[in-house]
Amino acid sequence: MLAASVTTLPLFTALSACAGPNPLAGPPPLSSEVRALLQAVTAEQNLIWVYKRTMASYSGLARDLGPLLAEHQAHLTQLRARVIEPPGKTIPGTVTRKPAVPGTEATALAQLRTAEQAASTEQLRRLAGASPALAQLYASIAASEATHVTALTTLAALAGKNPR
Amino acid sequence: MPAQQPPQSLQALQTALAAEHAAVYGYGVAGAMLTGHDQAKARTDWTAHQEARDTLQAMIVKLGATPVAASPAYKLPFAVHDARSARRLAAALEDGVTQAYLGLVAVTDKTLRAFGALAMQPPANRAADWRGSTVAFPGMRGSRSA
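What you see is a predicted model; the values in this text were computed from it and never measured.

## Overview of the overall build of chain B
The number of helices and strands found in chain B is five helices and zero strands. Each helix and strand of chain B, placed in order from N terminus to C terminus, yields the pattern α-α-α-α-α. The C-alpha radius of gyration computed for chain B amounts to 15 Å, which stays within 12% of the reference 15 Å derived for 146 residues, consistent with globular compactness. Along the three orthogonal principal directions, the C-alpha set of chain B runs to about 50 × 35 × 25 Å. The buried share of chain B, taken over its 146 residues, is 49%. Considering only residue pairs separated by 6 or more positions, chain B has 76% of its internal contacts joining residues 24 or more positions apart.

## Observations concerning the overall build of chain A
Counting its regular elements, chain A contains four helices and zero strands. From first element to last, N terminus to C terminus, chain A shows the α and β order α-α-α-α. When each of the 164 residues of chain A is scored for burial, the buried share is 46%. Long-range pairs, those at least 24 residues apart, make up 75% of the contacts in chain A with a sequence separation of at least 6. For chain A, the exposed surface amounts to about 8,000 Å²; the carbon and sulfur share of it is 60%.

## Considerations on the environment of L79(A)
Residues and elements named next belong to chain A. Of note, L79 is situated in helix 2 (residues 62-81). With relative accessibility at 0%, the residue L79 sits in the buried group. Residues within four places of L79 in sequence aside, it is in contact with L37, A40, V41, E44, L137, Y138 and I141.

## Describing the packing of aromatic side chains
Residue and element names in this part refer to chain B. Scanning all chains against the criterion turns up three aromatic pairs over all chains. Centroid distance Y25 to Y74: 5.2 Å. Interplanar angle 50°. Geometry classified as tilted. Here Y74 lies in the loop between helix 2 (36-62) and helix 3 (83-104) and Y25 lies in helix 1 (residues 7-33), a separation of 49 residues in the sequence. Between Y101 and F115, the aromatic rings sit 6.2 Å apart at their centres with planes inclined by 75°, giving edge-to-face as the arrangement. Here F115 lies in helix 4 (residues 110-119) and Y101 lies in helix 3, a separation of 14 residues in the sequence. Judged by relative accessible area, Y101 falls into the buried class, the value being 4%. Residue classification places F115 among the partly exposed positions, given a relative accessible area of 25%. In this arrangement the basic side chain of K41 is found over the ring face of W130, its NZ or CZ atom lying 4.2 Å from the centre. Above the plane of the ring of F78 lies R88, whose end atom (NZ or CZ) is 4.1 Å from the centre.

Conventions we followed
Residues numbered from 1 in each chain as written. Chains lettered and ligands numbered in written order. Predicted model: local features only at pLDDT ≥ 70, side-chain atom pairs only at ≥ 80, totals over all residues. Heavy atoms only, no water. Helix = DSSP H or I, 4+ residues; strand = E, 2+ residues; numbered from the N terminus. Rg over C-alpha atoms; globule rule 2.2 N^0.38 Å. Buried < 20%, exposed > 50% of the residue type's maximum accessible area, 1.4 Å probe, protein only. Contact = heavy atoms within 4.5 Å. Areas by Shrake-Rupley, 256 points an atom, 1.4 Å probe, with all protein chains shown as cover. Phe/Tyr/Trp six-rings, centres within 6.5 Å; stacked < 30°, edge-to-face > 60°. Lys NZ or Arg CZ within 6 Å of the ring centre and 35° of its normal.

Here it is, written out as structure tokens:
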């Protein structure tokens, strides 16, 4: 069976191949696979930021959103573990998108749901150019995000019935 | 004329089909222990697995191979004797199917990769529903329900 394990996925994030090292040319360009991995890291950081801001704004949601946030932090850990930092480059550590938290719980949950759906779709776009192990990680994270979409839809329905 | 696929792709498809066969059998056991809303849900999920099984069988035939047959019976991962254990079984079945589709994501064929990645999302969602909680890495070993 071709099933993968979170703990045993090998690292396949090699830099783009060069004909030969040229010490004066500076660091080699990043391969498309590494660029995609770095984008996945940034996207995960952006999602985590939105979750934290939403939970800070609506403390009543913290109990339900906490487990989803923890899963995103686990995604980030696994993605970052697969990045081999090339000379002169560091793993991105900054959040690139900081949307405002909407004014009601229901709309805040809707924003999270939209972000999760977009993130899941984006993971699937990374599959084709990825190594088998990395593709499995992207697909698993995409499936996780798909389950978050469902969980957030349920939460939003409950919030609509019992506005806090 | 059958399309050419590397043996790895065919094997991954057969593994997914075997998981769907097991799910179809397992839901028959689980459904017998459930009532009301849960039983209706099990029936819907059972139908979804039958449809997925038929899809995989057609894909394998298109490749010129013989689809793996269902076993007459399957060894359940644990004893199922009440509604609680039936729900656990349903979650375990969905985890198994999710893991099998994740195997398809490791093949080199981009179309099959995309198929596997999309196909694992419904069982991942159903597993979360039966379990009552999500997991960080659906399909990966270590993310399965007990």
